[in-house]
Amino acid sequence: MVQTWLAYVIAGWSGFFVMAVELLGGRLLAPTFGSSIYVWGAIITIFMLALSLGYLAGGRYSMMTPSVRRLGTILIIAAMTVVPLLLFAEPMLDAMSLAVPDPRFGSLLSAFTLFFVPTFFSGMVSPYAVRLLVQDRNSSGRHAGQLYFVSTFGSAAGTLLTSFYLVLLLEVNQILLGLLLISVAIGTCAWFVRAPRSEIS
Amino acid sequence: MNRLLLLTAMVCLLGTTIAADAEQRLVHSERSLYREVLVYETGDVRCMCFTRNCRVGRQSCIDTRHPDRIVMNYPKMMLGALFVNPRPQSVLIVGLGGGTLPRALRQLLPDARIDVVEIDPAVERVASRYFGFEASDRTHVIESDGRVYVKRALRGTQRYDLIMLDAFDHEYIPEHLLTQEFLQEVKSLLAPNGVLAANTFSSSGLYEHESVTYEKVFEKFFNLKRENRVIVTRLGPLPDREQLQAVSQQFVAAFNKYGFDAAELLPLFTTERDWNPNARVLTDQYSPANLLNLEH
């Protein structure tokens, strides 16, 4: 029961996390590349690409002794891969704008370098959580539907809160750090859940 | 009797609405990557707008009968920057609009190099076609984001005696052009004794934040206020009132041609602080300029 609940929480939070990072990504790129539609296009492209590949990987990974603990670990890894952003975003962006002066491909390369890895791991969460939630074929669609709901609702909340309120209260790096800490806290909770027998088999 | 009055009132009302509609005529519109660029004419005054019916703010206007006349107030205040340095050899303007400023500066400074950074090629097309703007070998237009250009220019050797920031409108502000880091970059791009003039906000919650941000980078500045606020500052100490007045004499004839009196600008040159000095400074990490602009 706790396990089911946690799988939903992790999926919902991961949705929140991805969209918050995506919006803040626009903020990080703007000083170097501007905030034109193609800068946003580059960011969204990389997020979609990373998510799509993350889905594939998460589905595959769910075939190897899945557990809520491992789901929590994925969440923690996704959060930890944001750390380089906190530390090196500016010098990295400067270097990339020098290497690729065209603002379209410069921002595409930058979005790839900065956001691909965290978003890839975030993408792994949803299919992996489906595996933990589905008990039988009959209810599989319902569980998948509920999971999409939670995850996309989390994304909506992350988008709204970040763009309407968080940027008005906090600095970009403070928000990123907060997101990271919440991910680590939730992921750590997952470590204390005892896996039911059905998951061990 | 009452009914007749009502009827007359209605006819009048109808009449004025029709007149108002007839007054403003859409001359041209074109869509760009960024927006719709519209040209409206009201009598002899032709304006560039980014919103239908010019609901919020005209970007730039020209008097079609007297193209030299400067219609709007803020370009006049921007030209006041010349009182601080009357002979800049090189000028950078961020934001072309209808090209009022580069057009006037071209006449006032025949030998100067003028670089204009404009993100939207449609704006340049419209400025050339409808607002008498002309690029030339001494007036370059660079199609780029303002900040991207400034960062790039810093790697080269070109520095500017005068930089004018005119990239905002009431509706949308590029938030990366309002931060302490950006102003620091602009400051580094100024030549010794270089002058900065920035068209900014006079109302809204943004005023205080913007003021403290400029203060942080430039310490002191002239705060020219009418419906817009124009910030004028330079590297090194600001001139006093007598010096400003002396230099302004050189521009009396020229500004008369533009339809205003050089002396009318002088009282606007104040360094008085009328904002909360504890407001939060805008930085690349904290720049919710558009959200702050919503607060009044």
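Within each chain, residues carry numbers counting from 1 in the order of the written sequence. Numbering of ligands from 1 and lettering of chains from A proceed in the order in which they are written. Local features in this predicted model are restricted to residues of pLDDT 70 or higher, and side-chain atom pairs are both shown and tallied only at a pLDDT of 80 or more, whereas totals for entire chains, interfaces and linings draw on every residue.

To continue, consider the overall build of chain B. Starting at the N terminus, helices and strands are each numbered in turn, a helix being any DSSP run of H or I of at least four residues and a strand any DSSP run of E of at least two. On a plain count of helices and strands, chain B comes out with eleven helices and eleven strands. For chain B, whose C-alpha radius of gyration is 20 Å, the value lies close to the compact-globule estimate of 19 Å for 296 residues. With the C-alpha coordinates aligned to their principal axes, the bounding extent of chain B is approximately 75 × 45 × 45 Å. Placing C-beta atoms from the backbone, we regard two residues as in contact once those atoms come within 7 Å. Within chain B, contacts between residues separated by at least 24 positions form 70% of all contacts whose residues are at least 6 apart in sequence. The reference for a compact globule is 2.2 Å times residues^0.38; the radius of gyration itself is calculated from the C-alpha atoms.

Below, the discussion takes up the overall build of chain A. When helices and strands are tallied, chain A shows eight helices and zero strands. Order of helices (α) and strands (β) in chain A, N terminus to C terminus: α-α-α-α-α-α-α-α. Taking 201 residues into account, the globule formula puts the C-alpha radius of gyration at 17 Å, and chain A, at 17 Å, falls close to it. Taken along the three principal axes of its C-alpha coordinates, chain A extends 55 × 30 × 25 Å. Put simply, of all contacts in chain A between residues at least 6 apart along the chain, 87% involve residues at least 24 apart.

Residue and element names in this part refer to chain A. What counts as an axis is a line fitted to C-alpha atoms, over the stretch in contact for a helix, and the angles between N-to-C directions run from 0 to 180 degrees. The interhelical angle for the contact between helix H4 (residues 83-99) and helix H5 (residues 103-133), taken along N-to-C directions, is 155°, at an axis separation of 10 Å. Considering the angle they form, H4 stands roughly antiparallel to H5. Every pair of crossing elements has a handedness; the one defined by H4 and H5 is right-handed. Every residue of H5 that contacts H4 at Leu85, Ala89, Met92, Leu93, Met96 and Ser97 is listed here: Gly106, Leu109, Ser110, Thr113 and Leu114. Asp, Glu, Lys and Arg are counted as charged, while Ala, Val, Leu, Ile, Met, Phe, Trp, Tyr, Cys and Pro are counted as nonpolar; the rest, among them Gly, fall into the polar class. Split into classes, the residues belonging to the contact of H4 with H5 amount to seven nonpolar, four polar and no charged. By definition in this entry, angles of less than 35 degrees are roughly parallel, angles greater than 145 are roughly antiparallel, angles of 65 to 115 are roughly perpendicular, and the rest are oblique. Handedness of a helix crossing follows the sense of rotation of the near helix relative to the far helix, less than a right angle counterclockwise being left-handed and clockwise being right-handed.

The next point concerns unusual backbone geometry. Positive phi outside glycine occurs at Thr65(A), with the angle close to 30°. One can find Thr65(A) in the loop between helix H2 (37-61) and helix H3 (68-80). In this scheme the burial state of a residue depends on its C-beta neighbours within 10 Å: 20 or more other such atoms mean buried, 12 or fewer mean exposed, and anything in between means partly exposed; the C-beta positions come from the backbone. Exposure remark for Thr65(A): the 11 C-beta atoms within 10 Å place this residue in the exposed category. Residues other than glycine seldom take positive phi values, yet Asn193(B) does so here, at roughly 65°. For Asn193(B), the location among the structural elements is in strand S9 (residues 190-200).

So, about the packing of helix H1 (residues 2-33) of chain A against H5(A). All names here are of chain A. Packing of H1 against H5 leaves a shortest axis separation of 9 Å and a crossing angle of 175°. One way to sum up the angle between H1 and H5 is to call them roughly antiparallel. Residue classes in the contact of H1 with H5 are distributed as 17 nonpolar, ten polar and no charged.

Before going further, it helps to spend a moment on the sheet that holds strand S1 (residues 24-31) of chain B. All names here are of chain B. With antiparallel pairing, four strands are arranged side by side in an open sheet as S1-S2-S3-S4. Two strands lie at the open edges of the sheet, namely S1 and strand S4 (60-63), each paired on one side alone. Averaged over all pairs of adjacent strands, the angle between their axes in this sheet comes to 15°, without regard to strand direction. As paired elements, S1 and strand S2 (residues 36-42) share seven bridges and run antiparallel to each other. Its bridge partner lying in S2, arginine 25 is registered against glutamate 41. Between any two strands, at least two bridges found by DSSP are needed for them to pair.

Taken together, the contact pairs 14 residues of chain A with 14 residues of chain B. Mapped onto the side of chain A that touches chain B, the elements with two or more residues apiece are H1, helix H6 (137-169) and helix H7 (172-191) of chain A. Looking at the side of chain A that touches chain B, the element that brings in the most residues is H1(A), giving four residues. Grouping the amino acids of the side of chain A that touches chain B by side-chain chemistry returns eight nonpolar, five polar and one charged.

Turning to the sheet that holds strand S8 (residues 160-165) of chain B, a few remarks are in order. Residues and elements named next belong to chain B. Across the sheet, which stays open at both edges, the seven strands sit in the order S7-S6-S5-S8-S9-S11-S10 with mixed pairing between neighbours. With one partner strand each, in any of the chains shown, strand S7 (139-143) and strand S10 (222-225) form the two edges of the open sheet. Within this sheet the neighbouring strands show an average axis-to-axis angle of 15°, counted without direction. Sheet topology note: the strand S6 (residues 113-118)/S7 ladder contains five bridges and is parallel. Residue pairing across strands places isoleucine 114 opposite threonine 139, the latter belonging to S7. Seen against the sheet, helix H3 (residues 100-108) touches strand S5 (90-94), S6, S7 and S8 and runs at an angle of roughly 175° to S6.

In this usage, the nonpolar core is the set of buried Ala, Val, Leu, Ile, Met, Phe, Trp, Tyr and Cys residues whose C-beta atoms join them within 7 Å. Of all hydrophobic cores here, the largest spans 138 residues; its most connected members are Ile10(A), Leu71(A), Ala129(A) and Val232(B). Top contributing element to this core by residue count: H1(A), with 17 residues. Apart from residues no more than four positions distant in its own chain, Ala129(A) is found in contact with Ala7(A), Ile10(A), Ala11(A), Leu71(A) and Leu147(A).

Each residue gets a pLDDT score, which is the predictor's confidence in that residue and runs from 0 to 100. This prediction gives chain B a mean pLDDT of 90; 91% of its residues lie at or above 70. Every residue in residues 12-20 of chain B scores below 50 in pLDDT, and together they form zero contacts with partners more than four places removed in sequence or on other chains.

With that settled, consider helix H7 (residues 206-218) of chain B. All names here are of chain B. Expected span of a helix: the number of residues minus one, times 1.5 Å. Relative to the 18 Å expected for 13 residues at 1.5 Å per residue, H7 spans 18 Å between its end C-alpha atoms, a close match to the ideal helical length. For H7, the full list of buried residues reads Leu206, Tyr207, His209, Glu210, Ser211, Thr213 and Tyr214. On its buried side, H7 packs onto helix H6 (180-188), S9, strand S11 (229-234) and helix H11 (289-294). Positive phi appears at glutamate 219, one or two residues downstream of H7, with a value of about 65°.

Attention now moves to H5(A). An ideal rise of 1.5 Å per residue puts 45 Å on 31 residues; H5(A) measures up with 43 Å between its terminal C-alpha atoms. To get the bend at a given residue, fit one axis to the seven residues ending there, fit another to the seven starting there, and take the angle between those axes. Helix geometry: H5(A) is bent most strongly at Phe115(A), by close to 50°, with proline Pro118(A) lying one to four residues after it.

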